[in-house]
Amino acid sequence: MSYKIVMDSCGELPESYKKDGHFERVPLTLDIDGHLVVDDETFDQADFLKRVAASPNCPKSSCPSPHRYLEAYTCDADHVYAVTLSAELSGSYNSAELGKKLYEEEYGEKKIHIFNSRSASIGETLIALKIEACEKAGMSFEDVIAAVDAYIADQHTYFVLESLEALRKNGRLSNLKAFVANALNIKPVMGATPQGTICQKDQARGMNRALKRMADYVAEEIKNPAEKIVAISHCNCPERAQFVKEEIAKRISVKDFLILDTAGVSSLYASDGGIIVVA
């Protein structure tokens, strides 16, 4: 059976997958003081980060429209899967569901399923690759859904940011806490709850200490690491991503590592130097 995997642009794709017809990314849109940026192949990360740094406001993001998802579902594939940014952080999941309803109203029944990643960025990527592996193994549509749901439930997301400005600007962190953290060079180690919300797991003084603490959490919390791919997404800091890979490898043996550049929407919060790890 043929299949297609639709992913919103908060998720990254390895370069070799970008021309693979089984995959399609649908873009979010970012508004920086009235300047609209579409998170697609035209996205200019350097210009975007420069505008974000210069603005006193947090950019607003708009999820893909239901009609855009409808367009992505309109294809010859027998099985269509969508993977979205956590429903607790974005309207992308609801938009994808509405797109499915629009498709059914216009074209009738089709095997379409939307996965709430309960994560973001590279977390969406790993889910998409899991779907691909299940389809290539010849699993039925229903069995793919069950296997991927179990995979999502077992997934862990962590991140350490170079700057807390984006969190301050959008109200997730008070001005005082952001000031103190920056003044003392405190780097929070953040994570995702099982529901897909953001939580603080720990903190450390200095980036390297925070990254090592994050590696500790990866080693402590991941079950059956030898069966897991650990994905690392970075924003303009490949050396730091390599450092995190080596720190995790010192602690546990995993199936493989995947390192990718941060996508447009994710780079809003990661900013220069941010690291996201999902396993």
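None of these values were measured; they are calculated from a predicted model.

What counts, and where the lines are drawn
- Residues numbered from 1 in each chain as written.
- Predicted model: local features only at pLDDT ≥ 70, side-chain atom pairs only at ≥ 80, totals over all residues.
- Heavy atoms only, no water.
- Helix = DSSP H or I, 4+ residues; strand = E, 2+ residues; numbered from the N terminus.
- Buried < 20%, exposed > 50% of the residue type's maximum accessible area, 1.4 Å probe, protein only.
- Contact = heavy atoms within 4.5 Å.
- Areas by Shrake-Rupley, 256 points an atom, 1.4 Å probe, with all protein chains shown as cover.
- Axes fitted to C-alpha atoms, helices over the stretch in contact; angles between N-to-C directions.
- Parallel < 35°, antiparallel > 145°, perpendicular 65-115°, else oblique.
- Left-handed = near helix turned anticlockwise from the far one by under 90°.
- Nonpolar A, V, L, I, M, F, W, Y, C, P; charged D, E, K, R; others polar.
- Expected span 1.5 Å × (residues − 1).

Enquirer: How do you make sense of the overall build of the protein chain when you look at a structure like this?
Expert: A count of helical and extended segments in the protein chain gives 10 helices and 13 strands. Relative to its 279 residues, the protein chain shows a buried fraction of 50%. Across the protein chain, contacts joining residues at least 24 apart in sequence account for 74% of those joining residues at least 6 apart. Carbon and sulfur atoms form 49% of the exposed surface of the protein chain, whose accessible area is close to 13,000 Å².

Enquirer: I keep staring at the packing of helix α2 (residues 66-73) against helix α3 (residues 92-107) and nothing clicks. Help me out?
Expert: Two packed helices can be described by the angle between their axes and the distance between those axes. For the pair α2 and α3, the least separation of the axes is 7 Å and the interaxial angle reads 60 degrees. By the angle between their axes, α2 is oblique relative to α3. Seen along the crossing, α2 lies across α3 with a hand that is right-handed. Contact with α2, carried on its side by Pro-66, His-67, Tyr-69, Leu-70 and Tyr-73, involves Ser-92, Ser-95, Ala-96, Leu-98, Gly-99, Lys-100, Leu-102, Tyr-103, Glu-106 and Tyr-107 of α3 and no other residues of that element. Class assignment for the residues of the contact of α2 with α3 results in 9 nonpolar, 4 polar and 2 charged.

Enquirer: Help me understand the environment of Ser-65 in this model?
Expert: Here Ser-65 is to be found in the loop between β5 (60-62) and α2. C-alpha separation for the pair Ser-65 and Ser-92, spaced 27 residues apart in sequence, amounts to 8.0 Å.

Enquirer: When you look at the environment of Pro-56 in this model, what are you seeing that I'm missing?
Expert: You can see Pro-56 is positioned in the loop between α1 (45-54) and β5. For Pro-56, a relative accessible area of 62% translates into the label exposed. When the C-alpha atoms of Pro-56 and Asp-33 are compared, they prove to be 9.1 Å apart, with 23 residues separating the residues in sequence.

Enquirer: What is the right way to look at helix α4 (residues 122-136) in this model?
Expert: What sets the pattern is the α-helix's 3.6 residues per turn: residues three or four places apart point alike. Between the first and last C-alpha of α4 there are 21 Å, a value that for 15 residues agrees with the 21 Å anticipated at 1.5 Å per step. Counting buried residues along α4, 12 of its 15 residues qualify, which places the element largely inside the surrounding structure. Considered for burial, the residues of α4 that qualify are Ile-122, Gly-123, Glu-124, Thr-125, Leu-126, Ile-127, Ala-128, Leu-129, Ile-131, Glu-132, Cys-134 and Glu-135. At the C-terminal side of α4, Gly-138 shows a positive phi close to 80 degrees.

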